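Letter by letter, the chains look like this.
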Amino acid sequence: MKMYNKKGVVEAQFNWIFVLVVGGIILLFFVSLVNSQKKTSDLSINSELLTHLDSIIQGASISVGTVYDISMPLTQALSNDCEGQALTFSDSKLQGIDIGRTVLFGPKKMIGTKIFTYSLYWQEPYTITPFLYLTTDSVLFFVVNSTKLSQIFSEIPVNADYNAVDKDGNVKSVLKYGDDYVPDLASLTPYLNSDNDYYTHIKVISTEKLPSGLFHSSTKAKIILYQVPDLVSYDGYFTVNVTEYNRNGVIVRSTVNVDVLGFPSLMGLIFSDDVEDYRCSMTKALTKYQIISKLQLNKSNELKEYVNQNLDFYSPLCNHYYVSSLHEDIIYYINRSIGSDGVTDLTQLSNFQNLVETLRNYNNNLGDKSCPVPY
Amino acid sequence: MPSSILKKAQMQMFETIGVLFVFFLLLAFGLIFYAGFQKDNVSNLQSDKTELELVSIAQTIEALTELKCSEQTSITENCYDLLSIEIFSRYMKNTSPGLFLHVGSPNTRIHYLSIFKNSNITVAVFNESSGNFTNYPIYYNDERDEKNKIGRRTNYVPITIKDSRNDEFYFGILYLTVFI
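The structure displayed is predicted, hence computed values, not measured ones.

This part takes up the overall build of chain A. The helix and strand tally for chain A stands at seven helices and 15 strands. Within chain A, the fraction of its 375 residues that count as buried is 49%. Considering only intrachain contacts with a sequence separation of at least 6, the fraction spanning at least 24 residues in chain A is 62%. Summed over its atoms, the accessible surface of chain A is roughly 17,500 Å², and 53% of this surface lies on carbon and sulfur atoms.

Let's shift gears to the overall build of chain B. Assigned secondary structure in chain B consists of three helices and six strands. The helix and strand sequence of chain B, counted from the amino end, reads α-β-β-α-α-β-β-β-β. Expressed as a percentage of contacts within chain B between residues at least 6 apart in sequence, the contacts between residues at least 24 apart total 56%. Accessible area for chain B stands at about 10,700 Å²; split by element, carbon and sulfur atoms hold 60% of it.

Time to look at the pattern of salt bridges. Enumeration according to the criterion identifies twelve salt bridges over all chains in this entry. Salt-bridge contacts for Glu66(B) lead to Lys288(A); the nearest nitrogen and oxygen are separated by 3.2 Å. One end of the pair, Glu66(B), is in the loop between helix H1 (2-63) and strand S1 (68-71); the other, Lys288(A), is in helix H5 (residues 275-309), on a second chain. Residues Arg153(B) and Glu51(B) are paired through a salt bridge, measuring 3.5 Å at the closest nitrogen-oxygen approach. Placement of the pair is Arg153(B) in strand S5 (residues 152-163) and Glu51(B) in helix H1, with a sequence separation of 102 residues. Salt bridges sharing common partners tie together Glu86(B), Asp163(B) and Arg165(B).

What follows concerns the environment of Arg247(A). Residues and elements named next belong to chain A. Mapping Arg-247 onto the fold places it in the loop between strand S14 (237-245) and strand S15 (251-261). A relative accessible area of 39% places Arg-247 in the partly exposed class. In sequence terms Arg-247 and Ile-223 are 24 residues apart; their C-alpha atoms lie 7.4 Å from each other.

Turning to the confidence of the model for chain A, a few remarks are in order. Detail in the predicted coordinates should be disregarded across regions flagged by low pLDDT. All names here are of chain A. Confidence in the prediction for chain A averages 80 pLDDT; 80% of positions are at 70 or higher. Averaged pLDDT values for the elements of chain A fall to 35 in strand S11 (residues 171-173) and rise to 93 in helix H4 (residues 263-271). Overall, residues 159-183 carries pLDDT values under 50, and its contacts beyond four positions in sequence, including any with other chains, amount to 60 contacts.

Residue and element names in this part refer to chain A. Taken in spatial order, the four strands line up as S4-S3-S2-S6 in an open sheet, and their pairing is antiparallel. The sheet terminates laterally at strand S4 (97-98) and strand S6 (109-110), the two strands that pair on one side only. The pairing of strand S2 (residues 78-81) with strand S3 (residues 86-89) spans four bridges and is classified as antiparallel. Residue pairing in the sheet places Leu-78 in a bridge with Phe-89 of S3.

This brings us to the interface of chain B and chain A. Chain B puts 52 residues into the contact, and the matching count from chain A is 43 residues. Across the interface of chain B and chain A, roughly 4,100 Å² is buried in total on both sides, 63% from carbon and sulfur atoms. Applying the counting rule to chain B against chain A returns three salt bridges. Notably, a salt bridge pairs Arg90(B) with Glu302(A), separated by 3.1 Å at the nearest N-O pair. Across the chain B-chain A interface, the total number found is eight residue pairs in polar contact (both at pLDDT 80 or more). For the side of chain B that touches chain A, the element with the highest residue contribution is H1(B), accounting for 20 residues.

Before going further, it helps to examine the packing of H5(A) against helix H2 (residues 82-93) of chain B. Where H5(A) contacts H2(B), the two axes come as close as 10 Å, and the packing angle between them is 115°. The handedness of the crossing between H5(A) and H2(B) is right-handed. Between H5(A), through Ile291(A), Leu295(A), Asn298(A), Lys299(A), Glu302(A) and Leu303(A), and H2(B), the contact on the second element is made entirely by Leu83(B), Ser84(B), Ile87(B), Phe88(B), Arg90(B) and Tyr91(B).

With that settled, the discussion passes to the packing of helix H6 (residues 324-338) of chain A against helix H7 (residues 352-368) of chain A. Residues and elements named next belong to chain A. Running from N to C, H6 and H7 cross one another at 155°; their axes reach a closest spacing of 10 Å. One way to sum up the angle between H6 and H7 is to call them roughly antiparallel. The hand of the H6/H7 crossing is left-handed. Residue-level contacts link Leu-326, His-327, Asp-329, Ile-330, Tyr-333 and Ile-334 of H6 to Phe-352, Leu-355, Thr-358, Leu-359 and Tyr-362 of H7. Looking at the contact of H6 with H7, its residues break down into eight nonpolar, two polar and one charged.

Below, the discussion takes up the side chain of Thr65(B). Topologically, Thr65(B) is positioned in the loop between H1 and S1. Judged by relative accessible area, which is 8%, Thr65(B) ranks as buried. Reaching out from Thr65(B), the side chain makes a polar contact with the side chain of Glu66(B) at a distance of 3.5 Å. Every residue in contact with Thr65(B), bar those within four places of it in the chain, is listed here: Tyr121(A), Thr127(A), Ile128(A), Thr129(A), Lys288(A) and Ile292(A).

Here we come to H6(A). An α-helix turns once per 3.6 residues; consequently, residues spaced three or four apart project the same way. Residue and element names in this part refer to chain A. In this model, H6 (15 residues) spans 21 Å end to end at C-alpha, consistent with the 21 Å of a helix rising 1.5 Å per residue. Listed in full, the buried residues belonging to H6 are Leu-326, His-327, Ile-330, Ile-331, Ile-334, Ser-337 and Ile-338. Considered in projection along H6, the buried side chains sweep an arc of 140° and stay on one side of the axis. Where H6 is buried, its residues meet H5 and H7. Positive backbone phi, at 70°, marks Gly-339, one or two positions downstream of H6.

Judged by side-chain polarity, Phe21(B), Val22(B), Leu25(B), Leu26(B), Phe29(B), Ile32(B) and Phe33(B) come together as a nonpolar surface patch covering roughly 790 Å² of accessible area. According to the relative accessible area criterion, Phe33(B) is exposed, its value standing at 64%.

About the thresholds
Residues numbered from 1 in each chain as written. Chains lettered and ligands numbered in written order. Predicted model: local features only at pLDDT ≥ 70, side-chain atom pairs only at ≥ 80, totals over all residues. Heavy atoms only, no water. Helix = DSSP H or I, 4+ residues; strand = E, 2+ residues; numbered from the N terminus. Buried < 20%, exposed > 50% of the residue type's maximum accessible area, 1.4 Å probe, protein only. Contact = heavy atoms within 4.5 Å. Areas by Shrake-Rupley, 256 points an atom, 1.4 Å probe, with all protein chains shown as cover. Salt bridge = Lys/Arg side-chain N within 4 Å of Asp/Glu carboxyl O. pLDDT = per-residue confidence, 0-100. Pairing = 2+ DSSP bridges. Buried area = accessible area lost by both parts, 1.4 Å probe. Polar contact = N/O pair within 3.5 Å; in protein donor to acceptor, adjacent residues only side chain to side chain. Axes fitted to C-alpha atoms, helices over the stretch in contact; angles between N-to-C directions. Left-handed = near helix turned anticlockwise from the far one by under 90°. Parallel < 35°, antiparallel > 145°, perpendicular 65-115°, else oblique. Nonpolar A, V, L, I, M, F, W, Y, C, P; charged D, E, K, R; others polar. Expected span 1.5 Å × (residues − 1). Arc of directions from axis to C-beta. Patch = residues over 30% accessible without salt bridge, like charges linked within 9 Å, V, L, I, M, F, W, Y side chains within 5 Å.

In structure tokens form, the structure reads like this:
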């Protein structure tokens, strides 16, 4: 009898152990299944978001002069990698949107509730490519004394009724300082001294330098000053001094003198994360400029030939304005700028201004004389 | 008596194992059906992706300034320049590299290869006098291998074409084919 009791006790205990072990295995199986499904679902949502973003960005680059805003979850940051030629979600294993041929200017990491897109055609003098600008509501632009800088003030994309909202739901500020300009740099102080950490970038566009000791704040934002020359028009070649400050007003990166050709290029510099990003995007633009210039050279030659075959219809003076050497010079300077070592020399942009002006005048003259115009 | 008690204990365990076996069998059936459902889902997604790629290429061509009509640097939307199309078509065929100053150089072809990838693009211009269409291949991917492709999707976009030589307008069709 004792023997039977012992056997019964062993059997009962073994049953429970067996049930626990098997139950644990089943539970582990379902937990791992749920986890893998969650990861797949997250990847799928990110992939769908990226696909839609790709279409939106393609459309936005064509819709020149139009501001689009795209809502984004605050937990997701969009990474803009010019060197890697991809726009993707940070910490994502997905390949991302290919931006190898899109001339895009924007922060390296975009965090915020909204992304704004804007585009302008870069024309020197013929249309080369649209420049696409990206920014978020966590980037604050100040255009100081916009009476002088009215062209810049009016082109920075903003929804006039839009207010930036931080993660606690508090309205902090407008993307651009309302419809009023900041009269002088001293008026910037309250904003630069704010303690909020919502902003990632504070960009100040001014014709003057920032005085030392202007601000002491705890903001974690990158503060960048773009000192532009005081010009009537920003459509030609000029240089901009770019200086980066920390929250105590100390210069973090020494002033860099950056070459700019045309207003869209200036906007590209202002929207870029730093000078290196601007240089990378301008390299793409110059590559496109090279291709377009070659096509325009051929087009100009074909039109000259066509006019010569139809001299009873067109004025012989037309031939004077189909000058292939101007296009060849542009191609030459682009080649010098891009170089073979992979480092773009933007100082070569200074050589384009006269060539572009001459081509523009010749094109206008062709139009005036009712000759076929290349562009 | 001891042998019958032993037999009952073994039956008890077999019952538990039997239950577990049936449970895992049902689970396996469920997973097989789920996998089949996911497979359909993936093929639908693939089809959607191809459609989106077509739209994306159409948008890219829309953004190509090298083919658009322009008047004194002002771009005319939804209009393509016939002379630019002819030059571009010859450029991509690379028939006369000397004439085009090495325009058809490898770097340029790589530039457009990365934009248009696995697609064929042709512009057909309607000639009213002859009543026929003249085809201008804009992009043709020489490196694609048709044997490895499951199929193709084609989109037709009606466009306006302007000849900048004599300011005449024509009707045209943009053929976009994406290979899956």
